[in-house]
Number of protein chains: 2
Amino acid sequence: MMTEYQSLSKEELSALKGELEEQYREFQALDLNLNMARGKPSTDQLDLSLEMLDGLNSESCFFSSTGDDCRNYGLVDGLPEMRAFFGELLDVPAENVIVGGNSSLNMMFDAISCAYISGFDGCAPWGKQEKVKFLCPVPGYDRHFAICEYFGIEMIPVPLTETGPDMDMVEKLVSEDESIKGIWCVPKYSNPSGVTYSDETVRRFAALRPAAPDFKIFWDNAYCIHELTDTPEVLLNLFEECKKQGSENMVITFCSTSKITFPGSGVAAMASGEKTLATYRRHLSYQTIGPDKINQLRHIRFFKHVEGLKEHMEKHRAILQPRFASVLNALEKELSGLGIAQWSHPKGGYFVSVDVLPGCAKRVVQLCKEGGVTLTGAGATFPYKKDPNDTNIRLAPSFPPVIELKQAMNLFCICVKLAAAEKLLGE
Amino acid sequence: MMTEYQSLSKEELSALKGELEEQYREFQALDLNLNMARGKPSTDQLDLSLEMLDGLNSESCFFSSTGDDCRNYGLVDGLPEMRAFFGELLDVPAENVIVGGNSSLNMMFDAISCAYISGFDGCAPWGKQEKVKFLCPVPGYDRHFAICEYFGIEMIPVPLTETGPDMDMVEKLVSEDESIKGIWCVPKYSNPSGVTYSDETVRRFAALRPAAPDFKIFWDNAYCIHELTDTPEVLLNLFEECKKQGSENMVITFCSTSKITFPGSGVAAMASGEKTLATYRRHLSYQTIGPDKINQLRHIRFFKHVEGLKEHMEKHRAILQPRFASVLNALEKELSGLGIAQWSHPKGGYFVSVDVLPGCAKRVVQLCKEGGVTLTGAGATFPYKKDPNDTNIRLAPSFPPVIELKQAMNLFCICVKLAAAEKLLGE
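Residues numbered from 1 in each chain as written. Chains lettered and ligands numbered in written order. Predicted model: local features only at pLDDT ≥ 70, side-chain atom pairs only at ≥ 80, totals over all residues. Heavy atoms only, no water.

Enquirer: Just give me the short version of the overall build of chain A, but keep the residues and values in it.
Expert: Assigned secondary structure in chain A consists of 14 helices and 13 strands. For chain A, whose C-alpha radius of gyration is 23 Å, the value lies close to the compact-globule estimate of 22 Å for 427 residues. Long-range pairs, those at least 24 residues apart, make up 76% of the contacts in chain A with a sequence separation of at least 6. Where the 43 positive side-chain charges of chain A centre and where its 57 negative ones centre are 4 Å apart. (Helix = DSSP H or I, 4+ residues; strand = E, 2+ residues; numbered from the N terminus. Rg over C-alpha atoms; globule rule 2.2 N^0.38 Å. Contact = heavy atoms within 4.5 Å. Lys, Arg positive; Asp, Glu negative; His and termini not counted. Charge placed at Lys NZ, Arg CZ, Asp CG, Glu CD.)

Enquirer: Account for the environment of Thr288 of chain B, with residues named and values stated.
Expert: Tracing the sequence through the fold places Thr288 of chain B in the loop between helix 10 (274-287) and helix 11 (293-303). Taking the C-alpha atoms as reference, Thr288 of chain B lies 25 Å from Glu149 of chain B; in sequence the two are 139 residues apart. Setting aside chain neighbours within four positions, we find Thr288 of chain B in contact with Ser103, Leu105, Asn106 and Arg143 of chain A together with Val76 of chain B. At a separation of 3.3 Å, a polar atom in the side chain of Thr288 of chain B contacts the main-chain amide nitrogen of Gly290 of chain B. (Polar contact = N/O pair within 3.5 Å; in protein donor to acceptor, adjacent residues only side chain to side chain.)

Enquirer: If you had to explain the interface of chain B and chain A to someone new, which residues and values would you point to?
Expert: Contacts between chain B and chain A engage 59 residues on the former and 59 residues on the latter. Together, the buried faces of chain B and chain A total about 4,800 Å²; carbon and sulfur atoms form 53% of this surface. For the pair chain B and chain A, the number of links is two salt bridges. Between Arg71 of chain B and Asp47 of chain A there is a salt bridge, with the nearest N and O atoms lying 2.7 Å from each other. For the pair chain B and chain A, the interface holds 22 residue pairs in polar contact (both at pLDDT 80 or more). Counting residues per element, the ones that place at least two in the side of chain B that touches chain A are helix 2 (43-47), helix 3 (50-54), helix 5 (104-117), helix 6 (142-150), helix 10 and helix 11 of chain B. If you tally residues by element for the side of chain B that touches chain A, the top one is helix 5 of chain B, at eight residues. (Buried area = accessible area lost by both parts, 1.4 Å probe. Salt bridge = Lys/Arg side-chain N within 4 Å of Asp/Glu carboxyl O.)

Enquirer: Outline the sheet that holds strand 4 (residues 154-161) of chain A, listing residues and values.
Expert: Residue and element names in this part refer to chain A. Ordered by their spatial adjacency, eight strands build an open sheet running 2-9-8-7-6-3-4-5, and the pairing between neighbours is mixed. Edge positions in the sheet fall to strand 2 (97-99) and strand 5 (164-165), since each of these pairs with one other strand and no more. The pairing of strand 6 (residues 180-185) with strand 7 (residues 216-220) spans four bridges and is parallel. Across the sheet, the residue bridging to Trp184 is Phe218, located in strand 7. (Pairing = 2+ DSSP bridges.)

Enquirer: Describe the packing of aromatic side chains, naming the residues involved and giving the relevant values.
Expert: As enumerated under the stated definition, the model contains 37 aromatic pairs over all chains in all. Between Tyr286 of chain A and Tyr150 of chain B, the aromatic rings sit 4.7 Å apart at their centres with planes inclined by 20°, giving stacked as the arrangement. On the criterion of chain membership, the pair formed by Tyr286 of chain A in helix 10 (residues 274-287) and Tyr150 of chain B in helix 6 is interchain, its members lying in two chains. Judged by centre distance (5.1 Å) and plane angle (55°), the rings of Phe109 of chain B and Phe151 of chain B are tilted. Taken as a pair, Phe109 of chain B in helix 5 and Phe151 of chain B in the loop between helix 6 and strand 4 (154-161) lie far apart in primary sequence, 42 residues in all. (Phe/Tyr/Trp six-rings, centres within 6.5 Å; stacked < 30°, edge-to-face > 60°.)

Enquirer: Could you give an account of the nonpolar core, with specific residues and numbers?
Expert: Residues Trp184 of chain A together with Trp184 of chain B are the most contacted members of the largest nonpolar core, which totals 72 residues. When sequence neighbours within four positions are dropped, the list of residues in contact with Trp184 of chain A reads Met108, Ile112, Phe134, Leu135, Cys136, Pro137, His144, Phe145, Ile147, Cys148 and Phe218 of chain A. (Core = buried A, V, L, I, M, F, W, Y, C linked by side-chain atoms within 4.5 Å. Buried < 20%, exposed > 50% of the residue type's maximum accessible area, 1.4 Å probe, protein only.)

Enquirer: A description of the environment of His283 of chain A should follow, citing residues and the corresponding values.
Expert: Mapping His283 of chain A onto the fold places it in helix 10. Once the C-alpha coordinates of His283 of chain A and Glu332 of chain A are considered, the two residues, 49 residues apart in sequence, prove to be 49 Å apart. Excluding anything up to four places from it in sequence, His283 of chain A contacts Asp110, Ser113, Cys114 and Ile117 of chain A together with Phe109 and Tyr150 of chain B.

Enquirer: Give me the lowdown on the packing of helix 5 of chain B against helix 6 of chain B, citing residues and values where you can.
Expert: Residue and element names in this part refer to chain B. Running from amino to carboxyl end, helix 5 crosses helix 6 at an angle of 30°, the nearest separation of the two axes being 11 Å. Compared by their axis directions, helix 5 and helix 6 come out roughly parallel. You can see that helix 5 and helix 6 cross each other, and the crossing is right-handed. Where helix 5 abuts helix 6, its residues Leu105, Met108, Phe109 and Ile112 lie against Arg143, His144, Ile147 and Tyr150. (Axes fitted to C-alpha atoms, helices over the stretch in contact; angles between N-to-C directions. Parallel < 35°, antiparallel > 145°, perpendicular 65-115°, else oblique. Left-handed = near helix turned anticlockwise from the far one by under 90°.)

Enquirer: How would you explain the sheet that holds strand 3 (residues 133-138) of chain B if you had to name every residue and give the values?
Expert: Sheets are built from strands paired through backbone hydrogen bonds, the pairs being either parallel or antiparallel. Residue and element names in this part refer to chain B. An order of 2-9-8-7-6-3-4-5 is seen for the eight strands of this open sheet, with the pairing classed as mixed. One side of each edge strand has no neighbouring strand; the edge strands of this open sheet are strand 2 (97-99) and strand 5 (164-165). Of the pairings in the sheet, the one linking strand 3 to strand 6 (residues 180-185) comprises three bridges and is parallel in character. Looking across to strand 6, one finds that Lys133 is bridged to Ile180.

What is shown is where atoms sit, not what they do.
Now the structure itself:
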């Protein structure tokens with residue numbers, strides 16, 4: 001029977017704290033060096049795509065479906081068959097897709113760079129506008145926020161609810177303030193909370209009427225087919241909803257195979273309306289002669305079609321699912337009923353999001369670090385790395401083997417309890 | 001015995017023009033569709049690197065020399081062994097090299113983007129400075145000039161002499177005008193004229209004392225080992241000369257394997273002083289998690305060392321040399337002694353540069369186009385596509401087979417003569 005920490009007397013808490021400190025010291029003596037900081041696929045997952053490398057060799061045919069030699073310059077939009085492939089995956093027409101290099105983050109950065117240097121929709125470049133702001137659903141992805149910081153874009157946090165960003169707030173802000181130029185979204189199995197936006201949220205996004213004519217929704221569909229259960233959550237097709245509203249140039253969707261084949265050696269893609277793509281394509285035409293089409297060919301020969309991709313994702317799931325189970329079991333066993341933590345139960349994606357007692361997240365991450373387990377920095381999931389309540393911690397279960405995860409989670413739970421006891425004792 | 005066109009009477013010229021028109025019409029009847037527009041390797045050249053694709057397969061080891069799994073995220077500066085490889089190639093320390101993605105053009109664009117967004121050397125970002133200018137040795141590479149246009153950078157042409165850019169002019173301009181922030185250089189076998197900068201030119205570059213503290217030399221060493229003869233021209237090491245002067249942060253060197261392995265699927269690299277690299281690396285850290293290290297590994301396993309690379313380049317030369325000979329023979333046979341054209345005799349690189357009579361370049365390119373041979377647009381080798389004398393034409397002999405080149409050059413020479421006759425007749 002669990003007792004909430006809040007109902008313990010000071011003496012009981014002190015005694016408990018002593019026990020926890022003892023357990024913590026035992027962990028320190030183990031001299032662990034574990035890492036749950038980043039959403040990095042495990043070695044087993046990388047092995048799943050090794051055969052892809054056999055698919056192209058010196059005997060292969062290197063012509064694209066359009067008869068272009070994939071080994072030479074050209075095709076700045078990517079291989080036609082890869083555009084069709086990502087089009088099917090994202091459920092948008094192939095002509096609305098640009099297939100790029102090895103990183104969707106790079107494409108997002110470049111899209112913002114394009115807005116900053118040359119501007120979207122006939123508006124002044126963001127770099128020449130007095131003030132540019134972005135809405136940032138929180139908790140969110142640190143690298144999105146970092147891009148804003150780099151470009152001097154002011155970030156406004158918007159709470160992420162169980163159905164997506166607080167749309168009342170989003171609608172109000174974007175309709176009133178024309179310096180708000182964009183919003184970061186991870187609409188399916190969001191990083192870190194695992195939330196999938198509801199149909200209503202998606203429809204309200206499509207229906208947005210922002211004051212800024214050059215407002216863009218950065219729709220980072222990073223986990224579009226990254227399932228952990230038999231009952232996938234279904235994200236409504238924003239591009240389709242936008243088309244109904246005539247607003248398809250307002251959304252730019254991104255995805256990649258980084259967590260499908262090889263991180264760093266995968267293929268990234270983006271999709272948008274014709275007008276937005278034309279502006280981006282102009283940027284691209286100055287930046288490069290074309291993407292790595294051999295790697296695109298390697299990918300399409302390996303998967304053949306989206307069904308092949310989905311079968312491949314089942315193999316990832318088989319590797320990831322036990323890791324997530326291990327993390328969630330530990331949280332359930334050690335922390336439930338104590339009133340000191342809440343956590344997500346993701347059906348996909350790469351993270352478990354834990355909210356500890358206000359003011360305790362930094363302390364927990366520090367304790368873990370000193371105990372030999374590196375976590376994502378506390379605050380990382382908020383703009384400017386400032387979690388106002390110092391409560392959110394992102395756990396990334398994908399990389400360590402289950403045996404290490406168990407150890408790491410044992411330590412993590414001790415640290416959460418210890419930090420809570422310290423806090424409640426007013427230390 | 002050749003007679004200069006300038007010494008022909010009006011009647012002789014008219015008769016000649018009639019003959020040339022007849023020859024031109026015969027060509028048109030052939031309905032050719034040939035292309036000498038871009039410096040694109042031929043299919044034979046692409047075949048030279050096919051074995052590289054066999055070097056990495058599902059049985060390979062994917063650890064870098066530092067024990068990192070090349071299949072996963074990380075190593076934003078590139079594989080250590082690739083940094084060493086490019087360091088040896090460019091004769092700079094490995095720690096001064098960043099190995100990136102598939103395109104050196106992309107790295108140049110990103111370096112300017114970095115200056116535009118965050119600035120170099122503690123100066124205001126170029127995007128926030130009132131005026132930014134670049135020196136552009138002419139004729140030069142159209143894609144360099146296009147990047148300047150995109151960023152709104154004003155271009156100042158500087159004549160390229162047989163020993164490199166007019167250094168008196170470069171020194172005077174950069175020391176007087178602090179809005180001059182950079183210069184584009186293709187220092188070896190320059191695009192299009194084939195000039196290699198002299199030792200004195202390189203030393204004068206190293207000794208530049210620009211008024212702008214954030215002045216950068218964009219040293220695009222695209223043809224550093226792209227020889228066409230047994231007697232390579234030797235470019236003095238600018239980085240080394242700069243180090244002697246303490247100015248190594250002023251130069252950014254670029255190169256890639258695009259014309260060594262596969263265009264679009266090669267590996268690009270840049271090198272500079274520590275301070276400049278730190279600024280660029282910061283930019284990079286927001287833009288991407290890391291480059292395609294599997295492709296880097298594939299390259300280093302294929303070449304093993306710079307000697308292997310040089311042996312590989314001999315094979316390219318064997319394919320390219322007859323193509324260049326075919327172009328130069330045609331020019332020699334058809335145009336020498338006529339007083340209507342001069343051309344380069346490159347010992348490396350990818351182009352032959354032809355200067356026709358002033359006011360004739362556009363006409364020649366148009367005549368060729370209508371005769372079935374696409375050339376680089378006249379003016380492309382100058383900023384804003386404006387060749388003040390309308391005289392320079394860039395020929396790219398690498399892609400078409402020799403048999404096609406011969407046809408194309410026959411037509412080209414007829415067009416040069418025809419345009420000259422028209423011009424001298426005052427038409």
